[in-house]
Amino acid sequence: MAEMNEKSYSRLERRRTVGASLISILIGLVTGSLLILIVGLTTKNIGLSGAWEGIRLVFGGLFSTGRDMATGVLTFGFNPNTFGNMLFRSTPLILTGLAVAVAFRTGLFNIGAPGQYLMGICVALLISLSIPSSQVSPVIIWFLAFLGGMLAGGLWGAISGALKAFLNINEVIACIMTNWIAANLVTLIFSGSNLRNLTENTKSAYIYKTSVNNVATAKLGLDKIFSDSQVNGGILIAILLAILISVLLNRTVFGFELRATGSNRYAARYAGIVDKRSIVLSMVIAGAMAGAAGALYGLSGNTEFYWSTYQSLPGVGFNGIPVALLASNSPIAVIFTGMFMAMLDISGQQLKNLTGYNEYLTNIIISVIVYLSAFSLVIRNFLVKHDDGVSRALSSLGNSLRGNKRKGAGK
Amino acid sequence: MEDYVIEMLHISKSFPGIKANDDITLQLRRGEIHALLGENGAGKSTLMSILFGLYQPDEGVIKKDGKEVRISDPNDATALHIGMVHQHFKLIDVFTVLDNIILGAEDVKLGFVQKKEARRKVRALSEKYGLNVDLDAKVEDISVGMQQRVEILKMLYRDNEVLIFDEPTAVLTPQEITELMQIMRNFTREGKSILFISHKLNEIMEVSDRVTVLQKGRYVGTVNTAETTKEELSRMMVGRPVQLVVQKEEARPGKPVLEVSHLSVMSKLYHREAVKDVSFTVREGEIVCIAGIDGNGQTELVHALTGLERADAGTVTLCGQEITAAPIRKRSKAGMSHIPEDRHKHGLVLDFSLEQNLALQRYYEPRFQQNGFIRFDEVRSYAEQLIRQYDVRSGQGPITRARSMSGGNQQKAIVARELDRDLPLVVAVQPTRGLDVGAIEYIHGQLVAQRDQGKAILLVSLELEEVMNLSDRILVIHSGEIVGEFDPKAVTVEELGLYMAGARKQEAKANG
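Residues numbered from 1 in each chain as written. Chains lettered and ligands numbered in written order. Predicted model: local features only at pLDDT ≥ 70, side-chain atom pairs only at ≥ 80, totals over all residues. Heavy atoms only, no water.

### Comments concerning the domain arrangement of chain B
Okay, so step 1: Splitting chain B by domain gives domain 1 (4-238), domain 2 (245-335 + 423-512) and domain 3 (344-422).
Okay, so step 2: Each of domain 1 of chain B and domain 3 of chain B was reduced to a C-alpha centroid, and the two centroids are 39 Å apart. (Domains from an automatic or database assignment.)

Pasting the structure below:
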């Protein structure tokens, strides 16, 4: 009896957390729809019917298959291209989301994912372009480059972690510094190198695609399922890493130490956990995730990486924050929230391609969702109140049905 | 008809999920000291908050001088001349004593505060009641006892005639407590009436005229102090007979377990020696207590012993193994368990479940892991065993968040975790702080049981009653030094108080 209560209680907890995120998403989408309606009604050539199309695309852009040639009506169904591109775009989001979530679970705000991501790209490109595939198998080069990128990201995270652990420097400040150091360092490394492709004069120069050296992430048959899309095996790696991180955090002794340090550094220290080590290692793992995101980006085979990164930081690093927030820092949930964010991206493109709307509308939806996910605790508390009311009503109903037989049995 | 200055009649107040006050009646006679007694969570604070205007009662009426009144906020209470000294003082540290007293009731002319008149009035009050304060000292520089006198003067300055004292003795030395009692009697001679909230039975017996007892939000009764006993009061408060004096046999000390020699610790905050050249030994089968007023180096001493802070000089030996600079895990494995002073900061990971907290010191042991993976079934069954054995109560059993548990049960969980490790040394720092009589009785019993099994117990306590009750040997600490060693059967509370206040010092130091 007691056991059943415990189980249903933890299920209730999980349901509330998921519920809070779903409510944030729904409110975001509804707000976006209202915006579309307002923009539509105030724009001459869109109108109410155009707004209705826009709203349908916001909710179902992933399943949009274009317009019927004859009638001009929007058509929906399975679209391998949008699906594949969604998976491709979600890969780095899932990984940077993990980079933020892992650190959060250890009590750290890893805003350094952009820098770790850049270091991952940089090292992955250096390795994959410097080892000639005529002498070493491209598969081995790919693995070296991927692991090198992860390692570089991990080391970059370790800097912020060590500053926090040993000198008590706020990790947010340390991360911002390492972000810009990475941005400038990457520019410095590539600007003198012969890895730059300067021959295609029609567009700005970029680092050679890794496919030049026959190195690219394997498609693993995904391109057959999702034809015409950019998808590759990276998404499977991201999902695998999310599962590994989840197991590591929730099931292992090491994860227990990380979470204890994250929840209460002092209590962890009291219990004999070396909190400094936990903090550094957590940032190493977080950095490695962002590094993996960068490596997979660089190794897609089609990436034209523009090396003058000192001017701005890559947005995908920061987008890990909303992905992690929306997932309540659960590594498994990050898979879905990462995909959801990528889906909104696709919806934005569909809006632009198929209607008169601007694709940046979806950014507003994302912002609303991010705002609300920060409020998820408030929403959760609301659900708790609500739940109590509901369960009280149900139990009193049950009691009266059973003639108060079990009244006070709980005591 | 009786002359009641305050009557709270049939007061009820509910919060979501709990009825904090259920039909409580409290009548305060003019010129009496009326004690309000009850365990934690009995509803004392709620009732006083209603009287002070912080909460509105759901039912019931409040009468002042026989007339029904509405008190919707503390300003109304002040207008009715009801004043309160809170348990945690509400003073501004960087203001002078005088500024603190007049704050909120300043006499202002053309935008300037008129302090001359205020100073004269405060001085007159302090002389009249023997409340010695330095009006121009900053609050941060004066003793806790003087801070309390400042709080009392605040009430007097506002011409309050009903004075509420919320656990006023918790922070005072025995001498200061005696002084406070005298001051309270002076007030009643002047016709002021006092409500005195406490769960310390000795003080209630000594100073009050009548006692109202609450239990779990309900009114148990009001008795004349002269016609009751401590045993009777505690039975009313807890609902069952309570063992007030710890029952224990004579200690039979064995081999030394913890040996501390010439230990010094620098305070990280103030760049001074917080612990100075301290030496002592704790043997098997004895409870050694470090007594002292808060802030005299106890925290630093315990941190150095348990590894939370580094010692700067001296050695610490546990079961023959030197651990002066050892990491915490090594000390723990060498045989030290630690009930920490601050249960929220060190004792618990509040957002972890109860079962995870119970496994916090042992999760890495072979029993609880397999190839680096936690064995959740073992953690669960271990937690269930401890919960049963130590009667830890919580909403959802092993998976309850520690944060949602009551303070008493949080402490019970820590005690269960630490004592169940069955290690030769138990360092217990204020193990009963903030707990009610029932829980204190339980924890004291557990510590004595550990001692009787041959464990060495180092107890650090600020409560003299606990010190006298529980220990086999008392070491008094004052500004970082051990100033005396006593046998609890051969020393009085007053004598200990003199040592704690630094007025006396034994020449021959504790055995080193």
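### So, the interface of chain B and chain A
Okay, so step 1: Taken together, the contact pairs 32 residues of chain B with 23 residues of chain A.
Okay, so step 2: When chain B packs against chain A, the two sides together hide about 2500 Å² of surface, and 62% of this comes from carbon and sulfur.
Okay, so step 3: Area buried by chain B at its contact with chain A is led by B:Phe352, B:Tyr363 and B:Ile399, which between them contribute 20% of it.
Okay, so step 4: Across the contact surface, chain B and chain A share twelve residue pairs in polar contact (both at pLDDT 80 or more).
Okay, so step 5: Tallied by class, residues from the side of chain B that touches chain A come to 14 nonpolar, ten polar and eight charged. (Contact = heavy atoms within 4.5 Å. Buried area = accessible area lost by both parts, 1.4 Å probe. Polar contact = N/O pair within 3.5 Å; in protein donor to acceptor, adjacent residues only side chain to side chain. Nonpolar A, V, L, I, M, F, W, Y, C, P; charged D, E, K, R; others polar.)

### A closer look at the packing of aromatic side chains
Okay, so step 1: All chains considered together, the criterion is met by 13 aromatic pairs over all chains.
Okay, so step 2: Their ring planes at 65 degrees and their centres at 5.2 Å tell us that B:Phe368 and B:Tyr382 sit as a pair that is edge-to-face. Of this pair, B:Phe368 sits in the loop between helix H12 (354-358) and strand S19 (369-370) while B:Tyr382 is found in helix H13 (residues 376-390), placing the two residues 14 residues apart along the sequence. Accessibility assignment for this pair places B:Phe368 and B:Tyr382 in one class, buried.
Okay, so step 3: Members of the aromatic cluster, joined through ring pairs, are A:Phe256, B:Phe352, B:Tyr363 and B:Tyr364. (Phe/Tyr/Trp six-rings, centres within 6.5 Å; stacked < 30°, edge-to-face > 60°. Helix = DSSP H or I, 4+ residues; strand = E, 2+ residues; numbered from the N terminus. Buried < 20%, exposed > 50% of the residue type's maximum accessible area, 1.4 Å probe, protein only.)

### Digging into the confidence of the model for chain A
All names here are of chain A.
Okay, so step 1: For chain A, the average pLDDT comes to 83, and 89% of its residues sit at 70 or higher.
Okay, so step 2: Across residues 1-5, where pLDDT falls below 50, the model places two contacts with residues more than four positions away in sequence or in other chains.
Okay, so step 3: Every residue in residues 404-411 is under pLDDT 50, and counting partners more than four places away or in other chains gives two contacts. (pLDDT = per-residue confidence, 0-100.)

### Examining the environment of A:Glu13
Okay, so step 1: Mapped onto the elements of the fold, A:Glu13 is located in helix H1 (residues 2-42).
Okay, so step 2: Exposure remark for A:Glu13: the relative accessible area of 16% places this residue in the buried category.
Okay, so step 3: The spatial distance from the C-alpha of A:Glu13 to the C-alpha of A:Leu167 is 37 Å, given a sequence separation of 154 residues.
Okay, so step 4: Leave out the neighbours within four places in its chain, and A:Glu13 touches A:Arg380 and B:Arg401.

### What about the sheet that holds strand S22 (residues 456-461) of chain B?
Pairing between the strands of a sheet is mediated by backbone hydrogen bonds and can be parallel or antiparallel.
Residues and elements named next belong to chain B.
Okay, so step 1: Across the sheet, six strands lie side by side as S18-S21-S22-S15-S23-S24; this open sheet has mixed pairing. Since the sheet does not close on itself, it has two edges, and those belong to strand S18 (336-339) and strand S24 (481-486), each with one partner. This sheet shows a mean twist of 20 degrees between the axes of neighbouring strands, independent of strand direction.
Okay, so step 2: Where helix H9 (residues 298-306) meets the sheet, its contacts fall on strand S15 (287-291), S18, strand S21 (425-429), S22 and strand S23 (473-478), and the angle it forms with S18 comes to roughly 150 degrees.
Okay, so step 3: Each of S23 and S24 is contacted by helix H17 (residues 493-500), which is oriented at about 35 degrees to S23, the strand it contacts most. (Pairing = 2+ DSSP bridges. Axes fitted to C-alpha atoms, helices over the stretch in contact; angles between N-to-C directions.)

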